[in-house]
Structure formats: structure tokens, C-alpha cells
Amino acid sequence: MGDQAENLRELMRKKNETGTVKGEKQAEKTAANSELTPLKKKSGKKTRIITIASGKGGVGKTNISVNLAIAYAQLGKKVIVLDADLGLANVNVMMNMIPKYNLYHVIRKQKKMSEIILDTNYGIKMVAGASGFSKIANLEEAERNSFIDELSTLSDADIIIIDTSAGVSQNVLSFVAAADDAIIITTPEPTAITDAYGIIKIIATEIDNFDIGLKLIVNRVKTSAQGKAVADKMTNISAQFLNLKVEYLGFIYDDPLVPQSVLKQKPFITVDPKGKPSICIRHIVGRMEKTEIPDSGGLQGFIKKLFKKT
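Scope of this entry: the structure provided in the associated data block.

About the cut-offs
Residues numbered from 1 in each chain as written. Predicted model: local features only at pLDDT ≥ 70, side-chain atom pairs only at ≥ 80, totals over all residues. Heavy atoms only, no water. Buried < 20%, exposed > 50% of the residue type's maximum accessible area, 1.4 Å probe, protein only. Helix = DSSP H or I, 4+ residues; strand = E, 2+ residues; numbered from the N terminus. Pairing = 2+ DSSP bridges. Phe/Tyr/Trp six-rings, centres within 6.5 Å; stacked < 30°, edge-to-face > 60°. Lys NZ or Arg CZ within 6 Å of the ring centre and 35° of its normal.

### Concerning the pairing of strand E5 (residues 159-164)
On any regular strand, side chains alternate: one points to one face of the sheet, the next to the other face.
Then step 1. Counted residue by residue, E5 has six buried out of six residues, so it is predominantly covered.
Then step 2. The alternating pattern of E5 places Ile-159, Ile-161 and Asp-163 and Ile-160, Ile-162 and Thr-164 on opposite faces, both of which are buried.
Then step 3. Bridge count between strand E1 (residues 48-54) and E5: five bridges; the pairing is parallel. Bridge pairing in E5 links Thr-51 to Ile-162.
Then step 4. For strand E2 (residues 79-84) and E5, the ladder comprises six bridges, and the chain directions are parallel. Bridge pairing in E5 places Val-79 opposite Ile-159.

Encoded structure:
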């Protein structure tokens, strides 16, 4: 992916010339004024729903979800991250937050959505998930209608990023099928590539009339060439054997900044906005911004498809 590598090299040269930014507050200010210029919001623009999925755990899915959300927010977007990882909900952990309430309380009509949605220190909002969320397809009609009403209150957001569970469950497939964009995360490890292809195959064969944008991010690469090689392999076999187009969004470098940030419980894009992983994230968001949002009805369209009776 030559254009991304070239941009990264240029930005790294600029970093070396200007020196390291001092202090987290100054770093965040620098990120907000990065190479991506905020786009003007179009009148009547619908909420874009982005589902993040992976074939296996441990590939950085939640980390990427949170940092993508912050990169969008730095463009002036209103962003919500919805944690739909039913087994190991980690979005709050990435930002050192302990939610008191979650989606379970909304489903059971114990709380309103406005009472559980949390502001963060990074310009985004978060909705914490819960194990009860796995049963949304089997809700009683009254609970279902009430929950739909509560989800509809999120329509003010420009972007909703849904961090799903690792692997393939009916819940994950439901979120993928209902979204405007589905992003699959993999790494160069053979097992991760195999599992990523596995989830792509299931998406292609199990979801009827699948017509949304399926995209790929290769995480923890040593070089841009390695990322492109993995992506070429995935896109080629998906086209050849599944007749499915998969768009390569970009790569994220394997860099000490990422594990260091995880230990600090701070998103890496705020710890070092000029670090290589941060530059990669902003480049990916830049590519996403250049793609049109499918005419799928925004949040209302997402809710309709999510609760579609099979």
C-alpha cells in the first residue's frame, strides 16, 4: 500500500524535524490539528454504523475500535463506541473507566440510554455492553419495542462504532449484517489469517443479500510490504472462492507504543499522536471518509435490520 507508506514516511520525517511533543495535553492538541482536516457535516447526513470484528481474540480489535473512534472525534465527529463484546467487554478498560450501568439495565427497562451512556476524556461517548445483550433477538415484544426506542436516541451521533466479540456467533453476524461498514481485523500470524478468512467465509455464506462494505485492517505489521502481502492474500482468495470483494483499508505497525498505552489504560493515539500506530489510524480514517456511506437508512435502518425476524 504505497500511498500509506509514503505518507507515514513523510510524517515521520516531520516528527524528527519538529521534535517530540511535550506533555499529554499538548500532544492531544497536536493530534486535533493533524494532517486530516475536519470535514463539514452535510445537512441531513445519516449516522454511519461501523462494526469491528475478528476471527480470533488477541488481534487488537478493541484497541483499534477505541482509537478509530478518537481519530473520528478529532475530525469534529460525534462518536459513540458501543461495546458488544459479550464475553470480555474491554472498551471501558482501554480508557480506565468503570461503568456503573450497561445495556442490560436498558434492556430490562431499569435505565434509559441517556443514563448509561458515558462521556470520556477523549471526545467520544461509550455504551457499556453486558451478557444480557446476547438475548436481544429473543426479547419479549414490549422489551423489544422499548429497547428499539432507546437505541433510536443515539441518532445524534455521526459515527457509531460497534466492538463485537471475537469469533463468529449469531450476535456478531447480526451486527455485521446490519452495519454500513464491517471491518475485519487480522495480524500476519497464520492462525489469525486463517480465522479472518473463516469469518469472511461465514459472512459470505450465512448472511443473505450481503451488500455492505467489507473491509480489512492488518494489525501488528513489521513493514508496509508485510501488511500488503497479507491483504493481497485475503482479498484474492475472497474474490476467487467467495466472489466477495474485500477492501484493504490499511495496516498498523507493531510498535512498543501500543502495549505501553494498554498498560497505562490510555488510547495510543492520545499518548503519542505522532507515533507510527497513531499515524496509521488517522490514515485509515482518512480512507474511510473518502468512501460513501451506503444508503441504508442510518441508525433506523441499522435497527430495522438488527431486529429483522428470520
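### Here we look at the packing of aromatic side chains
Then step 1. One pass over the structure, following the stated rule, counts three aromatic pairs.
Then step 2. Between Phe-147 and Phe-307, the aromatic rings sit 6.2 Å apart at their centres with planes inclined by 75°, giving edge-to-face as the arrangement. Of the two residues, Phe-147 sits in helix H7 (residues 141-152) while Phe-307 sits in the segment after helix H14 (298-306), which places them 160 residues apart along the sequence.
Then step 3. A relative accessible area of 8% means that Phe-307 is categorised as buried.
Then step 4. Considering the side-chain rings of Phe-175 and Phe-302, the 6.4 Å spacing of their centres and the 15° angle between planes classify their relative orientation as stacked. Remark: Phe-302 occurs in helix H14 and Phe-175 occurs in helix H8 (residues 170-178); sequence separation between them is 127 residues.
Then step 5. In this structure Phe-175 comes out as buried when scored by relative accessible area, which is 2%.
Then step 6. Residue class for Phe-302 comes out buried when judged on its relative accessible area of 5%.
Then step 7. Residue placement shows Lys-111 over the ring face of Tyr-101; its charged tip is 4.4 Å from the ring centre.

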